[in-house]
Amino acid sequence: MDKIKMTTPLVEMDGDEMTRILWKMIKDELLSPFVDLNTEYYDLGLEYREQTNDQVTVDAANATKKYGVAVKCATITPNAARVQEYHLKEMWKSPNGTIRAILDGTVFRAPILVKGIEPYVKSWKKPITIARHAYGDVYKAVEMKIPAPGKCELVYTNESGEESRELIHNFTGAGIIQGMHNTRASIESFARSCFNFALDTCQDLWFATKDTISKKYDHTFKDIFQEIFDAEYKDRFDAAGIEYFYTLIDDAVARVIKSEGGFIWACKNYDGDVMSDMVATAFGSLAMMTSVLVSPEGYYEYEAAHGTVQRHYYKHLKGESTSTNPIATIFAWTGALRKRGELDRNEELKAFADKLEKASIDTIESGVMTKDLALITTFKDPQVVTSEGFIKAIRTTLEKMM
């Protein structure tokens, strides 16, 4: 059969460790045989980020602005151990954080549901989508170690040179300090992205912070959401028969656990990072979670919600077989290809993305799966296969569908 053509490139961001190995397998087995891939390639592997002083990450984000759609492999965010392991010049920032800061917008993460993988929370019947703010807070924080007694203050200087000060702490000994920020414009984009996504998917929207403690920072988020909802979205939500409400983050956690699912839970940046992992794991597996960054300008960046699977990578380097789950990475590709097809009105490309997703789910539901799913499935005697074997099984299913 003739390969499906792409008229516009999508941005391809390669990554690190085991997910980089899976990335190539997916392209070789599930994409290139069927699609004449048209991508603008950026290597976001840690070695090349080091070589370019992380300029490659900035270039990839700007390319996403140019072409509108990107797909990203999982990448290492280095800590002190990684700096030593890779002999880095410095502890480079999170690539995801850099990309989010450039593109702005909101990260929407949702579980991939399949028969035989039951949620640990028995009341959950429908997917829970985490809407994660994609700018600022701890990901853009400035940190300082305090070596000895002294006074720390927040200082704001306006354009006229006038200062406002807030005491942070009078240190009587050594300590640490962190300064976070956000912008009204980014919070407004976050709110509108969440309200629009709720309307598009016809789901209730929950938003939660800790405004009772953070009476200025978190309360500003709460106020902006409410102002925009009342002014722009209330009537539209009423007409759609869906609801928006605000609650404290601890109350939201309790409500979520007792719910049936089927709603969007909007969180600040770090809250969304943590809660998306909780939701993914509780639905079965971190490897079964989709993730897409949507900017207010209409840029889309698709990725897996999990990390680089370091432990499996070290096994791979020793020549040992691994049974790493590639589903989230496959769905990152299908999400990007479907969106590229939508924007280019390429029905063949959209249909291929749908078929590849169905082939992936059908393969699991036939009883063929990776070890992580076999450990939690309700199916009796599942067939456990290696990473490569699983991808080849999906290809066999896909070929029958094509």
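Here's a quick rundown of the structure. Note that the coordinates shown come from a computational prediction; the quantities given were computed from them, not determined experimentally.

## Structural notes on a nonpolar patch on the surface
At step 1: A surface patch of nonpolar side chains, about 330 Å² in accessible area, is lined by V138, M180, Y270 and V274.
At step 2: Of note, Y270 is situated in helix α9 (residues 269-283).

## A look at the sheet that holds strand β7 (residues 128-133)
At step 1: Across the sheet, 10 strands lie side by side as β4-β2-β5-β16-β15-β6-β7-β14-β12-β13; this open sheet has mixed pairing. At either end of the open sheet lies a strand with only one pairing partner, and these are β4 (39-43) and β13 (244-248). Adjacent strand axes in the sheet meet at a mean angle of 20° when their direction is disregarded.
At step 2: Bridge count for strand β15 (residues 289-294) against strand β16 (residues 300-304) is five bridges, and the pairing is antiparallel. Each bridged residue has a counterpart across the sheet, and for S291 the counterpart in β16 is E303.
At step 3: Across the sheet, helix α5 (residues 95-103) lies against β2 (10-14), β5 (69-72), β6 (106-111), β7, β15 and β16, angled at about 160° from β16, the strand it touches most.
At step 4: Strands β6, β7, β12 (204-209), β14 (263-267) and β15 of the sheet are contacted by α9, whose axis makes an angle of about 160° with β7.

## Brief notes about the environment of E365
At step 1: Position of E365 relative to the elements: it lies in helix α12 (residues 347-365).
At step 2: We classify E365 as partly exposed; its relative accessible area is 27%.
At step 3: In sequence terms E365 and I146 are 219 residues apart; their C-alpha atoms lie 55 Å from each other.
At step 4: E365 has contacts with V114, K115 and F379, leaving out every residue within four places of it along the chain.
At step 5: Looking at E365, its side chain comes within polar contact range of the main-chain nitrogen of K115, at 2.9 Å.

## Section: the nonpolar core
At step 1: Core analysis: the largest hydrophobic core is formed by 67 residues, its most contacted members being F195, L205, F237, Y244 and F352.
At step 2: With near-sequence residues (within four places) excluded, Y244 lies in contact with F195, L205, F207, F225, Q226, F229 and F237.
At step 3: I128, A208, I249 and M289 belong to the second largest nonpolar core, which has 20 residues in total.

## Observations regarding the pattern of salt bridges
At step 1: Per the stated rule, a full pass over the model turns up 31 salt bridges.
At step 2: In this structure, E85 engages R82 in a salt bridge whose closest nitrogen and oxygen atoms are separated by 3.3 Å. Placement of both E85 and R82 in helix α4 (residues 80-85) is noted, with a separation of three residues, approximately one turn of the helix.
At step 3: In this structure E85 comes out as partly exposed when scored by relative accessible area, which is 37%.
At step 4: A residue is classified by how much of its surface remains accessible, and R82, at 9% relative accessible area, is buried.
At step 5: Taken together, the shared-partner salt bridges in this structure form one network comprising E29, K392, R395 and E399.

## Focus: unusual backbone geometry
Peptide bonds are mostly trans, and most non-glycine residues show a negative phi.
At step 1: Phi is positive for D54, close to 70°, though the residue is something other than glycine.
At step 2: Given the relative accessible area of 9%, D54 is considered buried.

## Quick notes on the packing of helix α11 (residues 327-344) against α12
At step 1: With their axes 7 Å apart at the nearest point, α11 and α12 run at an angle of 160° to one another. With respect to their mutual orientation, α11 and α12 come out roughly antiparallel. By crossing handedness, the relation of α11 to α12 is classed as left-handed. Counted together, I327, I330, F331, T334, G335, L337, R338, R340, G341 and E342 of α11 and L349, K350, F352, A353, D354, L356, E357, S360, I361 and I364 of α12 form the full contact between these two elements.
At step 2: Class assignment of the residues belonging to the contact of α11 with α12 gives a composition of 10 nonpolar, four polar and six charged.

## Examining the packing of helix α1 (residues 17-31) against helix α14 (residues 387-401)
At step 1: As a packed pair, α1 and α14 sit with axes 10 Å apart at the nearest point and diverge in direction by 25°. Here α1 lies roughly parallel to α14, going by the angle between them. The element α1 and its partner α14 pack so that their crossing is right-handed. Touching L22, M25, I26, D28, E29 and L30 of α1 are S387, E388, I391, K392, I394, R395 and L398, all from α14.
At step 2: Class assignment of the residues belonging to the contact of α1 with α14 gives a composition of seven nonpolar, one polar and five charged.

The rules we used
- Residues numbered from 1 in each chain as written.
- Predicted model: local features only at pLDDT ≥ 70, side-chain atom pairs only at ≥ 80, totals over all residues.
- Heavy atoms only, no water.
- Patch = residues over 30% accessible without salt bridge, like charges linked within 9 Å, V, L, I, M, F, W, Y side chains within 5 Å.
- Areas by Shrake-Rupley, 256 points an atom, 1.4 Å probe, with all protein chains shown as cover.
- Salt bridge = Lys/Arg side-chain N within 4 Å of Asp/Glu carboxyl O.
- Helix = DSSP H or I, 4+ residues; strand = E, 2+ residues; numbered from the N terminus.
- Pairing = 2+ DSSP bridges.
- Axes fitted to C-alpha atoms, helices over the stretch in contact; angles between N-to-C directions.
- Contact = heavy atoms within 4.5 Å.
- Buried < 20%, exposed > 50% of the residue type's maximum accessible area, 1.4 Å probe, protein only.
- Polar contact = N/O pair within 3.5 Å; in protein donor to acceptor, adjacent residues only side chain to side chain.
- Core = buried A, V, L, I, M, F, W, Y, C linked by side-chain atoms within 4.5 Å.
- Parallel < 35°, antiparallel > 145°, perpendicular 65-115°, else oblique.
- Left-handed = near helix turned anticlockwise from the far one by under 90°.
- Nonpolar A, V, L, I, M, F, W, Y, C, P; charged D, E, K, R; others polar.

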